[in-house]
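Listed below, chain by chain, are the residues.
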Amino acid sequence: MEVKSYNLFLDLDFKKLKFDGSLAILLESEGDVTLDSTGLEILKVSSNGKPLAHKLVAEELRVQTGPFSRNLEIQYRGAVSEKLTGLYKAPYPGGYVFSTQFEAASARKLLPCFDRPECKAEFALTVKTDSDLKVISNMPEEFVKAEGAKKIVTFQKTPRMSTYLLYLGVGRFDEVEDKPSKIIIATTPGNTPKAKFALDVAKESLRFYKSYFGSPYQLPKLHLIGVPEFAEGAMENWGAITFREAYILVDENTTVRYKKVVAEVVAHEVAHQWFGNLVTMKWWDDLWLNESFATFMSYKLVESMFPQWHVWDDFLRTDTSIGMARDSLQSTHPIEVKINDPKEIDQYFDQISYSKGANIIRMIEAFTGVEGFRRGIQSYLKKNIFSNATGNELWSQLEKASGSDVRRIMSEWIRKPGFPVISVSLKAGKVTLSQERFLLSGAREKGVWPVPVTMKINGKTQRLLLDKEEQQVDTPHSLKSLKLNVDQTGFYRVDYDGVMDLVWNSQLTPVDRWGLISDAFAFTIAGRLPFQDYIALLAKYDKERENLPAYEASDQLSIFNSLVPSIAEVSSRFHRSQLEILKNKTDENSTLLRGVFMSRLAMVDQDYANDLARRFSEYSKVEPDQRQAVAVAYARSSSDFDGLVQKYKQSKGDEEKVRFLVALTSFREPALVQRALGLATGGEVKKQDVPSIVSASTNNPDGRTAVWPWVKTNLDWLNKLFEGSGNVSRLMQSIIPYVGVGRRTEVEKFFAESRPPELVKGIEVGLEKLAIYDQFVHRAGAHRAR
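Presented here is a report on the structure given in the accompanying data block.

Criteria and thresholds
Residues numbered from 1 in each chain as written. Predicted model: local features only at pLDDT ≥ 70, side-chain atom pairs only at ≥ 80, totals over all residues. Heavy atoms only, no water. Axes fitted to C-alpha atoms, helices over the stretch in contact; angles between N-to-C directions. Helix = DSSP H or I, 4+ residues; strand = E, 2+ residues; numbered from the N terminus. Parallel < 35°, antiparallel > 145°, perpendicular 65-115°, else oblique. Left-handed = near helix turned anticlockwise from the far one by under 90°. Contact = heavy atoms within 4.5 Å. Nonpolar A, V, L, I, M, F, W, Y, C, P; charged D, E, K, R; others polar. Salt bridge = Lys/Arg side-chain N within 4 Å of Asp/Glu carboxyl O. Buried < 20%, exposed > 50% of the residue type's maximum accessible area, 1.4 Å probe, protein only. Polar contact = N/O pair within 3.5 Å; in protein donor to acceptor, adjacent residues only side chain to side chain. Pairing = 2+ DSSP bridges. 1 Å grid on protein atoms, 1.4 Å probe; cavity = no way out; pocket = protein on both sides within 12 Å on 5 of 7 lines; lining within 4 Å. Points joined across faces, edges and corners; volume = space filled by probe spheres on them. Phe/Tyr/Trp six-rings, centres within 6.5 Å; stacked < 30°, edge-to-face > 60°. Lys NZ or Arg CZ within 6 Å of the ring centre and 35° of its normal.

A closer look at the packing of helix 10 (residues 510–526) against helix 11 (residues 531–539)
Two elements in contact, helix 10 and helix 11, have axes separated by 10 Å at closest approach and are oriented at 160°. The angle between the axes of helix 10 and helix 11 places the two elements in the roughly antiparallel class. The handedness of the crossing between helix 10 and helix 11 is left-handed. Residue-level inspection shows L516, I517, A520, F521 and T524 of helix 10 in contact with helix 11, the latter providing F531, Y534, L537 and L538. Class assignment of the residues belonging to the contact of helix 10 with helix 11 gives a composition of eight nonpolar, one polar and no charged.

The following block contains the structure:
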């Protein structure tokens, strides 16, 4: 079957939240046709005016066409959703807009279609609605016709594209356009002055990617649309990218942290206009090709535009750490995962598809060389323009362009779950490398990957492909220093047990020191490194003057504080020492870090919280990156729940609102944390912010007893609220390991009896990590007893 085009007319009733659709699909089929359709009332199916027999079965519209080569015509009607997929209502103070979110399989909620990425077609869209509303789609308007109090907007036809990339937005949008680049920012009323930063990043992204990919942006315009209620962070609809407002609006009150997020998210979604839209995966098995490359390329763009941010440090601390944490579980999955049912897809928009995949791409770039890698990418895009492709086609182009053995390496890394730990030892005067699978549980499992290993021996870099269980390396007669994984481009951990003196003799860079403490943390959780040895190593970082290793140590202490609150004294000492070092630093990264460390110190040091809370009375004068810390300190030092709620209601932007939600979950009294969770179920927070308030409550050890009863009571409500997205599955991954500490049997029993199909993967991951953390807590308790 071949789908050539969709010609869609929508009559939208903006006030009554409903629509009528008239659809003509030009297609060729050798037999009867089955379309995807969800929640639509089918009124008539015909061709050339002749009715066709049809029936709805579950989410399929089955039409008796026989062999067919012409237009299939469908009349139908539907309702605008109050949920966050399909065509849905997104409210803001004083109004609302309609917006669509179709990935992965929700285009079928707006029109009957072949809702699969390989079924690319052209789309011709016409919309009738109120004359005072703005209508936005993938392409520019072709013409607008007035019809009384209504108007009819016809858009230019799209290139061939997948259904999940179709976009429709309707509402009272304000717009600002950069005419030379044809980039348009659309926001809710009054917010366009905050759009300049995102607009500048988008302009540079188009220029940078055109040069890097060797191919221009293919559409005549590019919209960036701020949506006031949005389950995802952003969505790459071709020519009409949607964002949470916090990820597109920047002003003088925006923190450095959020400016970085805005830059990375904009760069990520613009990268998709090539990698994902221009060339699309054939099926969701290759989802990671879209997401991993967009993640990887976004860091390249932001590094080139803001070199002072050192964003590859952020990549290590976030994407590498996140990818390894997820992939060190038995419940992980290969990067290339078999998807049988579209309902499974949303659970795989996860740390493997985004973060591990991006790390493997970074590793293969280091292996092939930057220019060979780039030539391969350009060749792949050129060969598959406006079409679909698989990972194998990409590996072939990379291998051809670089002359490296890419296919063999990548086939192993993307089809095999997990990653190795490389153990380093000295045998008969030679460095010996051996590999096995690393598991956070501490279990030992054989495993061999083709690992591009880089190492510095006595300061000189060597490279080898470790593709067997054990291999010896030629070593100088006098071995003085040794360090593996130069620049941390390899996706593996390193165990130096017995040769650590050689490592400390090396000239360690900040990235090297990050790698050492990152591996030590994982080994401690897994039981490979005693807790007291970890604490001794951590002491070396108290006076760390570089941001990356210091930030990593703080991240680890934050996790340990959630599991073993007795570590608070260690955490307090570390953060006080670091704040003294940061005191006179004025660069943006240090500004960001100072705010993070202040907030974390307020959670573990009551004297510090009491002192910092005094600044709450002048909150508006506090530096933006320190406001979260001041609000948290105020919560830790008071019981003024109503005062913080009032501040939350008065706050304007999304970043500020989330800041107060975090503060509301930071009280020492569980009853107040319970009230904060009640704001979510009471409809007093945006739907998109519900996961944030639950996660923040879970991260507060003092208030955690309130979270588990709330989760048990509201799991079904959460699941329905985010139906059609993977948000709740991802939330279960993150909260179960913490809320279950001390009640593991109860939690396991609950989820054995209540496990909705769309949450299976998230619950499985969460329970495995709970078991691991539970074992660690017992070991850490035994250490304290000694």
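Observations regarding the pattern of salt bridges
By the definition in use, this model includes 60 salt bridges. Notably, a salt bridge pairs R614 with D611, separated by 2.7 Å at the nearest N-O pair. It is possible to trace a salt-bridge network through shared partners that takes in D36, E59, R108, D115, R116 and E118.

Examining the environment of S331
Along the chain, S331 turns up in the loop between helix 4 (311–327) and helix 5 (351–368). A relative accessible area of 4% means that S331 is categorised as buried. On a C-alpha basis, the gap between S331 and L767 in space is 9.7 Å, while along the polypeptide they are 436 residues apart. Setting aside residues up to four positions removed in sequence, S331 forms contacts with R326, K761, E764, V765 and E768. At 2.6 Å, the side chain of S331 and the side chain of E768 are in polar contact.

Remarks on the sheet that holds strand 26 (residues 460–466)
Strand order in the open sheet made by the three strands is 26-25-28, with antiparallel pairing throughout. Either end of the sheet is taken by a strand with one partner, and the two such strands are strand 26 and strand 28 (482–484). If you compare each strand with its neighbour and ignore which way they point, the axes differ by 25° on average. Both strand 25 (residues 451–457) and strand 28 contribute to a ladder of three bridges, which runs antiparallel. Paired with M455 across the strands is L484, a residue of strand 28.

Details of empty space enclosed by the protein
Tallied over the full model, the rule gives four cavities of 30 Å³ or more. Quantified by volume, the largest cavity comes out at close to 40 Å³. Every residue lining the largest cavity is listed: K483, L484, N485, Q488, Y492, V494, Y496, G515, L516 and D519. Sorting the residues of the lining of the largest cavity by element identifies strand 28 and helix 10 as the ones contributing at least two each. For the lining of the largest cavity, the per-class residue count stands at five nonpolar, three polar and two charged.

Quick notes on the environment of I736
The topology assignment puts I736 in helix 22 (residues 727–739). Each C-alpha atom, one on I736 and one on L644, is 27 Å from the other, the two residues being 92 residues apart in sequence. Setting aside chain neighbours within four positions, we find I736 in contact with V747, F751, I763, G766, L767 and L770.

Observations regarding the packing of helix 4 against helix 12 (residues 547–563)
Direction vectors running N to C along helix 4 and helix 12 enclose 30°, while the axes themselves pass 9 Å from each other. Judged by the inter-axis angle, helix 4 sits roughly parallel to helix 12. Seen along the crossing, helix 4 lies across helix 12 with a hand that is right-handed. Contact with helix 4, carried on its side by D313, L316, R317 and S321, involves L548, Y551, E552 and D555 of helix 12 and no other residues of that element.

Description of the packing of aromatic side chains
Applying the stated criterion to the full structure yields 47 aromatic pairs. Seen in terms of ring centroids, F296 and F373 are 5.8 Å apart; in terms of plane orientation they differ by 75°. Their pairing is edge-to-face. In this pair, F296 sits in helix 3 (residues 287–305) while F373 sits in helix 6 (residues 370–383), placing the two residues 77 residues apart along the sequence. Summarising the burial analysis for this pair, F296 and F373 share the class buried. Measuring from ring centre to ring centre gives 5.2 Å for F419 and F491, while their planes differ by 65°; the resulting arrangement is edge-to-face. Pair noted here: F419 is in the loop between helix 8 (406–415) and strand 23 (420–427) and F491 is in the loop between strand 28 and strand 29 (493–495), with a separation of 72 residues, a long-range link. With a relative accessible area of 1%, F491 lands in the buried category. Cation over ring: R528 sits above F523, and NZ or CZ is 5.4 Å from the ring centre.

Some details on the layout of surface pockets
One number sums up the size of the second largest pocket: a volume of about 1100 Å³. In terms of lining residues, the second largest pocket is bounded by 42 residues, among which S651, K652, G653, D654 and K657 are the most central. Mapped by element, the contributors of at least two residues to the lining of the second largest pocket are strand 9 (86–92), helix 17 (641–650), helix 18 (654–664) and helix 21 (707–721). The element contributing the most residues to the lining of the second largest pocket is helix 18, with six residues. Here the lining of the second largest pocket is composed, by residue class, of 17 nonpolar, nine polar and 16 charged.

Some points on the pairing of strand 8 (residues 68–79)
Here strand 2 (residues 18–29) runs beside strand 8; their pairing, made up of twelve bridges, is antiparallel. What sits directly across from A24, in strand 8, is E73. Sheet analysis places strand 4 (residues 41–47) next to strand 8, joined by five bridges and oriented antiparallel. If you follow V45 over to strand 8, its bridge partner there is I74.

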